[in-house]
Amino acid sequence: MTAPARARARRAAPAPASALAAPAQAPVPHTQAVPLPGPEPPLPPLPRPEPLAELPIVILYPHSRCNCRCLMCDIWRDTAKRELGAAEVTRWVGEWRRLGVRQVVLSGGEALLHSDLWTICEGLRQAGISITLLSTGLLLSRDAARVARYCAEVIVSLDGPEAVHDRIRNLPRAYQKLAAGVAALRAQAPATAPVPSSTPALPITGRCTVQRLNFRHLRATAAAARELGLDRLSFLAADVSTDAFNRPQPWEPGRVAEVALAAAELPELAAELDALERERPDDFASGFLAETPDKLRRRLYDYYAALRGQGDFPANRCNAPWVSTVIEADGTVRPCFFQPPLGNLRQAESLAAVLDSPRARAWRRGLDVATDPICRKCVCTLAWETSAGMPAGAPATAPPHTAETRT
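Residues numbered from 1 in each chain as written. Predicted model: local features only at pLDDT ≥ 70, side-chain atom pairs only at ≥ 80, totals over all residues. Heavy atoms only, no water.

Draft legend 1. Summary view of the overall build of the protein. Scanning the protein from N- to C-terminus turns up 16 helices and nine strands. When the accessible surface of the protein is summed, it comes to about 15300 Å², and 54% of that surface belongs to carbon and sulfur atoms. (Helix = DSSP H or I, 4+ residues; strand = E, 2+ residues; numbered from the N terminus. Areas by Shrake-Rupley, 256 points an atom, 1.4 Å probe, with all protein chains shown as cover.)

Draft legend 2. Fine view of the environment of Pro 45. As for its position among the elements, Pro 45 is in the loop between α1 (3-11) and β1 (57-60). It is 9.8 Å that separates the C-alpha atoms of Pro 45 and Ala 383, two residues lying 338 residues apart in sequence.

Draft legend 3. Expanded view of the pairing of strand β3 (residues 130-135). With six of its six residues buried, β3 lies for the most part within the structure. For strand β2 (residues 103-106) and β3, the ladder comprises four bridges, and the chain directions are parallel. Of the residues in β3, the one forming a bridge with Gln 103 is Ser 130. As for the winding sense of the linkage, the β-α-β connection from β2 through helix α3 (residues 117-126) to β3 is right-handed. (Buried < 20%, exposed > 50% of the residue type's maximum accessible area, 1.4 Å probe, protein only. Pairing = 2+ DSSP bridges. Right-handed = clockwise from strand over helix to strand, strands pointing away.)

Draft legend 4. The environment of Cys 151, seen in detail. One can find Cys 151 in the loop between α4 (140-150) and β4 (153-157). Along the chain, Cys 151 and Ser 130 lie 21 residues apart, while their C-alpha atoms are 7.2 Å from each other.

Draft legend 5. Quick peek at the packing of aromatic side chains. Across all of its chains, the model carries six aromatic pairs by this definition. Ring geometry for Tyr 61 versus Phe 337: centroids 6.3 Å apart, planes at 25 degrees, classification stacked. A residue pair is termed long-range when its members are at least 10 positions apart, and Tyr 61 in the loop between β1 and α2 (86-98) and Phe 337 in the loop between β8 (332-334) and β9 (343-344) qualify at 276 residues. Tyr 61 gets classed as buried once you look at its relative accessible area, which sits at 12%. Aromatic side chains Trp 118 and Tyr 150 sit 5.9 Å apart centroid to centroid with 20 degrees between the ring planes, which places their arrangement in the stacked category. With Trp 118 in helix α3 and Tyr 150 in helix α4, this residue pair connects regions lying 32 residues apart in the sequence. Neither Trp 118 nor Tyr 150 differs from the other in exposure class; each is buried. Through successive ring pairs, a cluster of aromatic residues spans Tyr 61, Phe 337 and Phe 338. A cation over an aromatic ring shows up here: Arg 226 above the ring of Phe 288, its NZ or CZ 3.7 Å from the ring centre. (Phe/Tyr/Trp six-rings, centres within 6.5 Å; stacked < 30°, edge-to-face > 60°. Lys NZ or Arg CZ within 6 Å of the ring centre and 35° of its normal.)

Draft legend 6. Representation of the sheet that holds strand β6 (residues 232-237) within the structure. Strand order in the open sheet formed by nine strands is β6-β5-β4-β3-β2-β1-β7-β8-β9, and the pairing between neighbours is mixed. A single partner strand is all that each edge strand has here, and the edge strands are β6 and β9. Looking at chain direction, β1 and strand β7 (residues 324-327) are connected through four bridges and run parallel. If you follow Val 58 over to β7, its bridge partner there is Thr 325.

Draft legend 7. Region of the structure containing the packing of helix α7 (residues 218-228) against helix α9 (residues 266-279). Packing of α7 against α9 leaves a shortest axis separation of 8 Å and a crossing angle of 40 degrees. Our classification of the angle between α7 and α9 gives oblique. For the pair formed by α7 and α9, the contact residues are Leu 218, Arg 219 and Ala 222 on the first element and Leu 269, Glu 272, Leu 273, Ala 275, Leu 276 and Glu 279 on the second. (Axes fitted to C-alpha atoms, helices over the stretch in contact; angles between N-to-C directions. Parallel < 35°, antiparallel > 145°, perpendicular 65-115°, else oblique. Contact = heavy atoms within 4.5 Å.)

Draft legend 8. Expanded view of the packing of α3 against α4. With their axes 10 Å apart at the nearest point, α3 and α4 run at an angle of 20 degrees to one another. Here α4 runs roughly parallel to α3, going by the angle between their axes. The interaxial crossing formed by α3 with α4 has left-handed handedness. Each of Trp 118, Cys 121, Glu 122 and Arg 125 in α3 lies in contact with α4, whose residues at this interface are Asp 143, Arg 146, Val 147, Arg 149 and Tyr 150. Classifying every residue of the contact of α3 with α4 by side-chain character gives four nonpolar, no polar and five charged. (Left-handed = near helix turned anticlockwise from the far one by under 90°. Nonpolar A, V, L, I, M, F, W, Y, C, P; charged D, E, K, R; others polar.)

Draft legend 9. Layout of the pattern of salt bridges. For the structure on display, the rule yields 25 salt bridges. In this structure, the salt-bridge partner of Arg 216 is Glu 265, at a minimum N-O distance of 3.8 Å. Here Arg 216, found in the loop between β5 (204-210) and α7, pairs with Glu 265, found in the loop between α8 (253-259) and α9; they are 49 residues apart in sequence, far enough to count as distant. (Salt bridge = Lys/Arg side-chain N within 4 Å of Asp/Glu carboxyl O.)

Draft legend 10. How the structure looks around unusual backbone geometry. Omega for the peptide link from Glu 50 to Pro 51 comes to 0 degrees, which places this bond in the cis form. Positioned with a positive phi, Arg 173 is a non-glycine residue whose angle comes to about 65 degrees. Mapping Arg 173 onto the fold places it in the loop between α5 (162-169) and α6 (174-192). Taking relative accessible area as the criterion, Arg 173 reaches 45% and is therefore assigned partly exposed. With a phi close to 60 degrees, Glu 349 is a non-glycine residue in the positive phi region. Summarising the element assignment, Glu 349 is placed in the loop between α13 (345-348) and α14 (351-355).

Structure representation (structure tokens):
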């Protein structure tokens, strides 16, 4: 969807209602993708070393279950309890450090449901690997002291102001529990968080998945993030096209329609994005709202318009399969959240053996991010620019690759 087309939509809108090397660098506390590029100027190609040169980020699902029942996610529908044992993760950590892992993102499901999470975290800390926690926020009050001790950053899901958040989470008092958890972390973090003094004691950021139940409330969501005392808020669209997040297969059209915006709702989204830009300029200028207004229009409006056949999907710039991996609670190894598995760590007992296998190398060689149907519809990307620290120009906040994780 071109900028003139978006402008027309806004004018029409109603009022809103082993080969892996082992670099010697110290671990980096925080990483985030560089902003998605606009059409001008073109950006240089991202590093895609083959065989892999290093693996800065591992996204780890220590536990398979979740304590929310969100509309846009099916993780909670799985009643089996699968988790990676603390002993086996600790056994793997030595190799991860040799492979250059600097950050482990604890995802899921809800990682805080794991029966022995803190033993895993202690092993990661002793290896010098930074930890980012993705959480629903429901258990943060209970675990605030240990979260503050082990985690360099916490990312919580925020779906809107209180009533909207509770409706999407499908749990009473979910917002109140999130607020209490953030407050408990704030009380703990100044004394215990292992991050440099130049940053917040424990950065707590929010991630909002925009869909039919909350797209009219972007301004109210930003206000709620301020009310909660979050350091930053990011918006992304909902994935409705893949088998990620415990879907046995991609959704049928009726299920997609429950989450994805209808064509008739696009003008309202355009109007809400305009109002967000107009009414919260300081939040954009300060970086409290992580994306620029133009990036939000690409990430949200253009994406949902493309789903409805109105233009192309916004171009994605990503090298996630070359610089990161996802390890699920049964040991399955994926190159990212959405692409098919490459192997199983429990079976291989070596992450390098999975990622540098002939199968994995052949898959990466055949992947064209610009044309691959999964990549074209991807709602979160990782653009790792350098091999010597954080991505070029990236502020010290949430890793982008976690953007779409359902928490």
